[in-house]
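# Structural description and commentary
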2 protein chains.
Amino acid sequence: MSKPKQSTSTPPRGPGAARQSPSPERRRELLGIAADVFAEQGYNATTVRKIADAAGMLAGSLYYHFDSKESMLEEILRTFLTELWDGYDGVLRAELDPRATLEALVTESFREIDRHRAAVAIYQKEARHLVAQERFQYLADSQQRFEKAWLTTLERGVAEGVFRDDLDTRLAYRFVRDTVWVAASWYRPGGGHSPEEIARQYLSMVLDGISVRT
Amino acid sequence: MSKPKQSTSTPPRGPGAARQSPSPERRRELLGIAADVFAEQGYNATTVRKIADAAGMLAGSLYYHFDSKESMLEEILRTFLTELWDGYDGVLRAELDPRATLEALVTESFREIDRHRAAVAIYQKEARHLVAQERFQYLADSQQRFEKAWLTTLERGVAEGVFRDDLDTRLAYRFVRDTVWVAASWYRPGGGHSPEEIARQYLSMVLDGISVRT
DNA sequence: TAATCTACCAAACACTTGTTAGAAAAGCGT
DNA sequence: ACGCTTTTCTAACAAGTGTTTGGTAGATTA
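Quick caveat, the model's predicted, so the values are computed rather than measured. (Residues numbered from 1 in each chain as written. Chains lettered and ligands numbered in written order. Predicted model: local features only at pLDDT ≥ 70, side-chain atom pairs only at ≥ 80, totals over all residues. Heavy atoms only, no water.)

## So, the pattern of salt bridges
Residue and element names in this part refer to chain A. Enumeration according to the criterion identifies 32 salt bridges over all chains in this entry. Two residues, Arg26 and Glu29, come together in a salt bridge whose shortest N-O distance is 3.4 Å. Of this pair, Arg26 and Glu29 both sit in helix α1 (residues 24–41), 3 residues apart, which is roughly one turn of that helix. Under the relative-accessibility criterion, Arg26 is labelled partly exposed at 27%. (Salt bridge = Lys/Arg side-chain N within 4 Å of Asp/Glu carboxyl O. Helix = DSSP H or I, 4+ residues; strand = E, 2+ residues; numbered from the N terminus. Buried < 20%, exposed > 50% of the residue type's maximum accessible area, 1.4 Å probe, protein only.)

Spelled out as structure tokens, the structure:
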């Protein structure tokens, strides 16, 4: 009920206290650096001094650009999820058939991993603890939309006879979801495989399996 | 009497420092509690006071049983990996055909998740940072044996014509590995699915895919 | 009963943490 | 050159961290 502060989209302060105006470009630059450190060391193990080190400045200087360490994390994840849903919504609006929808969602996911691999890695490691905090409510919301989009697609596929009906749908959902996103833990951009190529191989395994058809 | 037992296989202690002799049962009990807290909150976010709280004692009292917070983590992971390899080695010694080996390894993995879900969750979150430290060298060793066992099985399967040869073997390895172990993040024992049942469904998806065969 | 051992508590330690406030540059239009 | 704004540094803070030390209740042994 009592929210302590506002930070992201609302610069105007309460009474009197005019704020500084840090440049958004520098902000993004610093957030990129912070995201890399967060992803590599974990959020809690990352001190603001380490971030500052990586950015070539001192710890206190970060607070000219950001309210707190936590608000850096929040902005990183929020930016990622916003762009992710931009892509997903585009796919869902197209109203393709279940199989094509699944293929498009998976491909889109690998593109997002390619563009936001640090944020994805952070998300995977920290989301579970963060959803409990009210400040990160949007994580829970996103997870619910996510589950709904995937489950609906799978169930429609089963109903239309393109996906197997002898599998637990919820288990299949977790299966597909996890197989896609854990790739962020080892994927490195420019490593020989393009996102689309990885998506193609993953889809081939998820849809048809790794065993030879007899 | 005079010479106390050594905790694990850690290098020989310094001169003179005689140790107490805490009971191994209490040790295991406390490690189980610590593992749960580590798994839920993350290692770095877990303070020794939280562990002590969960155990109904004070922070300092933990140091009667353990050298440090880190050595608790080490013992948790080492115990898990030891038991894991007990199971894996049993499977590998049987020298089944590639497909049966894969099925047995996956099933064994889900059994270990069932028995050590906290340790598995910790492993997944922290292993990446820990392998850098020399104290956790055995993590790197285990990962290498792990990769070798899986890759060999997959490649033998391809050679014998039971696994598809149009897939990147290394990608397939990561695929199988990740799909199995991330299950620890949502699996809860006694949740309707037995480890064997989950293994069966996962294997069905990994081997044959989720799409209907035409 | 006295001596010893086990397992814990109580209180502090040195250090790191995120964060703040004021001073000092650095940049820039005039 | 100047004033003004934007950015960083210096230097500290209070709270929290893992850990150590010495003490002590209760069981076990002599």
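Now that the structure is up, let's keep going.
## Notes on the relation of the copies chain B and chain A
Superposing chain B onto chain A takes a rotation of 180 degrees combined with a translation of 0.0 Å along the rotation axis, leaving an RMSD of 0.1 Å. Each copy turns onto its partner about a two-fold axis. When each C-alpha of chain B is compared by its distance to the rotation axis, B:Gly209 comes out closest, at 1.9 Å. (Least-squares fit on C-alpha atoms with pLDDT ≥ 70 in both.)

## Here's the deal with the packing of helix α4 (residues 69–93) of chain A against helix α5 (residues 98–115) of chain A
Residues and elements named next belong to chain A. Where α4 contacts α5, the two axes come as close as 10 Å, and the packing angle between them is 155 degrees. Between α4 and α5, the crossing angle belongs to the class labelled roughly antiparallel. Classified by chirality, the crossing of α5 by α4 is right-handed. Counted together, Phe80, Glu83, Leu84, Gly87, Tyr88, Val91 and Leu92 of α4 and Thr101, Ala104, Leu105, Glu108, Ser109, Glu112 and Arg115 of α5 form the full contact between these two elements. Residue composition of the contact of α4 with α5, grouped by class: 7 nonpolar, 3 polar and 4 charged. (Axes fitted to C-alpha atoms, helices over the stretch in contact; angles between N-to-C directions. Parallel < 35°, antiparallel > 145°, perpendicular 65-115°, else oblique. Left-handed = near helix turned anticlockwise from the far one by under 90°. Contact = heavy atoms within 4.5 Å. Nonpolar A, V, L, I, M, F, W, Y, C, P; charged D, E, K, R; others polar.)

## Brief notes about helix α2 (residues 48–55) of chain B
All names here are of chain B. Restricting attention to buried positions, one finds in α2 the residues Val48, Ile51, Ala52 and Ala55. For α2, the angular spread of the buried residues around the axis is 100 degrees, confining them to a single face. When the buried face of α2 is taken as reference, the exposed residues oriented beyond 90 degrees from it are Arg49 and Asp53. Buried positions along α2 lie against α1 (24–41), α3 (62–65) and α4 (69–94). (Arc of directions from axis to C-beta.)

## Quick look at the nonpolar core
Of all hydrophobic cores here, the largest spans 132 residues; its most connected members are A:Ile210 and B:Ile210. Not counting the four nearest positions on each side in its chain, B:Ile210 is found in contact with A:Leu102, A:Leu154, A:Val162, A:Phe163, A:Arg164, A:Leu167, A:Val176, A:Val206, A:Leu207 and B:Met205. (Core = buried A, V, L, I, M, F, W, Y, C linked by side-chain atoms within 4.5 Å.)

## A word on the protein's contact with DNA strand C
By nearness alone, 19 residues border DNA strand C, and A:Thr47, A:Tyr63, A:Lys69, B:Leu58 and B:His65 come closest of all. By atom count, sugar and phosphate contribute 70% of the portion of DNA strand C lying within 4 Å of the protein. A distance of 3.2 Å is found between a phosphate oxygen of DNA strand C and a backbone nitrogen or oxygen belonging to B:Ser23. Here a phosphate oxygen of DNA strand C sits 2.7 Å away from a polar atom, N or O, in the side chain of B:His65. Elements that contribute at least two residues to the surface near DNA strand C include exactly α2 (48–55) of chain A together with α3 of chain B. (Near = heavy atom within 4 Å. Polar contact = N/O pair within 3.5 Å; in protein donor to acceptor, adjacent residues only side chain to side chain.)

## Considering helix α7 (residues 137–159) of chain A
Residue and element names in this part refer to chain A. Look at α7: 33 Å from first C-alpha to last across 23 residues, which is about the 33 Å you get at 1.5 Å a residue. Taken together, the buried positions of α7 are Tyr138, Leu139, Ser142, Phe146, Ala149, Trp150, Leu151, Thr153, Leu154 and Gly157. Check the buried side of α7 and you find it contacts α4, α5, α6 (117–130) and α8 (169–181). At the exit of α7 stands Gly161, carrying a positive phi of roughly 80 degrees. (Expected span 1.5 Å × (residues − 1).)

## Notes on the domain arrangement of chain A
Residue and element names in this part refer to chain A. Along its sequence, chain A is carved into domain 1 (22–66) and domain 2 (69–208). A straight line from the C-alpha centre of domain 1 to that of domain 2 covers 27 Å. Contacts between the two partners involve 16 residues from domain 1 and, on the opposite side, 12 residues from domain 2. For the pair domain 1 and domain 2, the two sides together bury roughly 1300 Å², of which 67% comes from carbon and sulfur. (Domains from an automatic or database assignment. Buried area = accessible area lost by both parts, 1.4 Å probe.)

## Looking at the interface of chain B and chain A
Taken residue by residue, the interface counts 42 residues in chain B and 42 residues in chain A. Summed over both partners, the interface of chain B with chain A buries about 4000 Å², with 61% contributed by carbon and sulfur atoms. Between the two partners, chain B and chain A, sit 0 salt bridges. Taken together, the connections running from chain B to chain A amount to 26 residue pairs in polar contact (both at pLDDT 80 or more). Among the elements that take part in the side of chain B that touches chain A, helix α8 (residues 169–181) of chain B stands out by supplying 8 residues, more than any other. Here the side of chain B that touches chain A is built from residues that sort into 18 nonpolar, 13 polar and 11 charged.

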